[in-house]
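Structural overview for review
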Amino acid sequence: MTQPASAPTVSTAGPSEPLLQVEDLRTHFETPRGIVRAVDGVSFTLARGKTLGVVGESGSGKTVLSRSIMGLLPKRGTIREGSVRFDGTEITELSPKEMRDFWGARMSMIFQDPMTSLNPVMKIGKQITESIRQHLDVDKKYANELGENLLRSVRIPEPEQRLKEYPHQLSGGMRQRVCIAVALACGPALLFADEPTTALDVTVQAQVLDLMATQQRERFMAIVLITHDLGVVAGRADEIAVMYAGRIVEKAPTSVLFSDMKMPYTEALLSSIPKIEHPSHTRLNTIPGRPPNLVTPPQGCKFAPRCTYVQPRCLEEDPPLMPGTQPGHEYRCWFPVGTPEGAEALARNRADQAVTGGAA
Amino acid sequence: MAGSGTAHLRGDGDSLLRVEHLLVEFPVGRSGLKVNAVTDVSFDILEGETLGIVGESGCGKSTTGRAVMQLPPPKGGRVVYDGVELTSLKGEDLRAMRPRLQMIFQDPISSLNPRRKVKDIVREGLDIWNIGDKDSRDAKVLEVLEAVGIDPANVERRPHEFSGGQCQRISIARAVVTDPKLIICDEPVSALDVSVQAQILNLLEDMKARYGLTLVFIAHDLAVVKNVSDRVMVMYLGKVCEVAGPDTLYSQPAHPYSAALLAAIPVPDPGTRPDAQQVLGGEIPSPMEPPSGCRFRTRCPRAQPQCGQEEPELREVAPGQYVACHFPLEPGEALTFGGPPSVSI
């Protein structure tokens, strides 16, 4: 029953080139306290039709990363360096006017809060057809038909009626479906979903994630799924990038990340989630401390002050991204999880802790 | 589902809190309509126990917590706390009960007064009730702040200088300072990151042991609720669906709604591919015109004509497991989806 409701995306790049290629992207903000290094040297590529999951705590730079790639940050006070190639075009150099051909048409975004990302005083229909009328050369009647088909394809009942309604007349789940419809209106090749289900209930979350997966298959669209919930990305992403202090600290195909994680931060993040299969009152593992200050980040590994594997070397030398044993796996750690060095480091720290604990 | 009944209540004498036939309604403007927020909900909590309340937004779980606190007093039913019937108290008598029941809210930053120092925020309850002299109050404030993990050197600071997790710690300190027996935690970790969430959940368990607390833990995250609870109550549209021990409920849910909630949880394991068939369709109906009979029947894959005519009562299906459903799931039976229309508004 779902119909392709929009024009196909015209690609200018060769089939071998990935859809999105980000290289050493840096996004710093000038603030009265100093320069905040919100994104500090991030590189990745994303192929058409694939999903990249970006995971991290608040303040790890995952939202700034997506906005920086899309060029949505204010020019004033923002320092952006590095390269973003989208579909064969270097988009960091483009002016906002030139970017308008990309926004909505070829790359679009879904935000966390569906209430504040829709215009409360504009009818749903107008919000959907706005970008269709802007980017596709169609008349009003045809745009309305497209809008109705879009609402139907995101499974909103009585779409012709809904087009005439305002956002407050819909529930949270329905509003997020409208946001998805708005984002998909012009058939973008790339969709950023920034915590798309955090504000929704668990049953509605499953509905919305399934809907995104269906639309992705039908449109062969790439998705960057940003979330703090490893459970959300586990079943949905092809590849996962874990962010910490503005950098990717581990990146791997999803199955590799879960079976062979190397970064102590990833391990700690996963073990701090309460698990359904554990009996109640199971003591949870916690990550002590807080994410580092991004104005004056610590020397060496940024996670070292909170890490259970920490060694003197971690406090002095910043680990580069190192390749793992499996293809596509990269991590930043001197004493990785599941290696002899890592096990040794952990054993040494546990022994030290027992000594100091006993003395105190 | 979503039924009434009191079969799951235990002996009268041993419970710290006993709620019977709680009814909360809100009028809608002058239309004469009303929102049936909580309809005929009963539960009890033994001393030292943690009751988890789960359900989707709009199921009445927060309203239930607030009605226990008499904020506002419920339209009907009885709330008996520690032998005192709160629903019969008014004015100064009710106010005198306040320090013995405390609450922790979802958003830790907005629930603290931004213009006051942390030590004054925590101390306020003691000052109001004139508990102890000045020195013992100061000592008490420092003791609870130390217990929740706030450095005594930082007590002169104001809330904006703390992170969300630390503000939630301060809220917990403020709640325990008047030595309450019962604390109602309304989504205390929903606004926090997973790593901080784990710290706060562990802290709540520690505080429970240290101060001998009884907790009502309201949340929408089933895994979080399982982690802290001794008994879990599943709510839907102002009614109770199922009450059971967490290990029973999560391994063998009897109510179709409990099973559907559990099936919708994303599992942090790439081997488990989410199956589009295993998702509960539709949305929660309007609480102004709830469905007749079982309120869940419009979304229930097992609904029968009987469900529309007769409201199910809570009954025991296994030791300690109570369910309000005409057609509960048998042990070992899995819920199959795909019966009713998936979208109904």
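**Some words on the sheet that holds strand 10 (residues 239-244) of chain B**
All names here are of chain B. Read across the sheet, eight strands follow the order 6-7-8-3-9-10-12-11 without closing on themselves; strand pairing throughout is mixed. Each edge of the open sheet is held by one strand with a lone partner, namely strand 6 (101-104) and strand 11 (315-318). On average, adjacent strands in this sheet sit at an angle of 25° to one another, irrespective of strand direction. Relative to strand 9 (residues 231-236), strand 3 (residues 50-54) runs parallel, the two sharing four bridges. Each bridged residue has a counterpart across the sheet, and for I53 the counterpart in strand 9 is M233.

**Considerations on the confidence of the model for chain B**
Residues and elements named next belong to chain B. The pLDDT averaged across chain B works out to 88; a share of 94% of its residues lies at or above 70. For residues 339-345, every residue scores under 50 in pLDDT, and the model assigns this stretch 16 contacts once sequence neighbours within four places are set aside. For this predicted complex, the interface confidence comes out at an ipTM of 0.80, alongside a pTM of 0.85.

**Section: the domain arrangement of chain A**
All names here are of chain A. Here chain A is described as being made up of domain 1 (20-243) and domain 2 (287-359). The centre of domain 1, based on its C-alpha atoms, is set 34 Å off from the matching centre of domain 2. Each side of the interface is counted separately: domain 1 has 10 residues, and domain 2 has five residues. A per-element tally of the side of domain 1 that touches domain 2 places strand 2 (residues 34-46) first, with five residues. For the side of domain 1 that touches domain 2, the residue count by class is three nonpolar, three polar and four charged.

**A closer look at unusual backbone geometry**
A negative phi angle is the norm for most residues apart from glycine, just as the trans form is the norm for most peptide bonds. Residue and element names in this part refer to chain B. The peptide bond linking L71 to P72 adopts the cis configuration, its omega dihedral lying at -5°. Tracing the sequence through the fold places P72 in the loop between helix 1 (61-68) and strand 4 (76-81). Its identity as a non-glycine residue notwithstanding, H21 has a phi of 50°, on the positive side. By C-beta crowding, H21 is classed as partly exposed, having 15 other C-beta atoms within 10 Å. In this structure, D179 is a non-glycine residue whose phi angle is positive, near 55°. The partly exposed category is assigned to D179, around which 16 C-beta atoms lie within 10 Å.

**Description of the interface of chain B and chain A**
With 39 residues of chain B at the interface, the matching set in chain A holds 40 residues. Listed by contribution, the elements that provide at least two residues to the side of chain B that touches chain A are helix 6 (194-211), helix 7 (222-228), helix 8 (246-251) and helix 9 (256-263) of chain B. If one sorts the elements of the side of chain B that touches chain A by residue count, helix 6 of chain B sits on top with seven residues.

Analysis parameters
Residues numbered from 1 in each chain as written. Chains lettered and ligands numbered in written order. Predicted model: local features only at pLDDT ≥ 70, side-chain atom pairs only at ≥ 80, totals over all residues. Pairing = 2+ DSSP bridges. Helix = DSSP H or I, 4+ residues; strand = E, 2+ residues; numbered from the N terminus. Axes fitted to C-alpha atoms, helices over the stretch in contact; angles between N-to-C directions. pLDDT = per-residue confidence, 0-100. Contact = placed C-beta atoms within 7 Å. Domains from an automatic or database assignment. Nonpolar A, V, L, I, M, F, W, Y, C, P; charged D, E, K, R; others polar. Buried ≥ 20, exposed ≤ 12 C-beta atoms within 10 Å, placed from the backbone.

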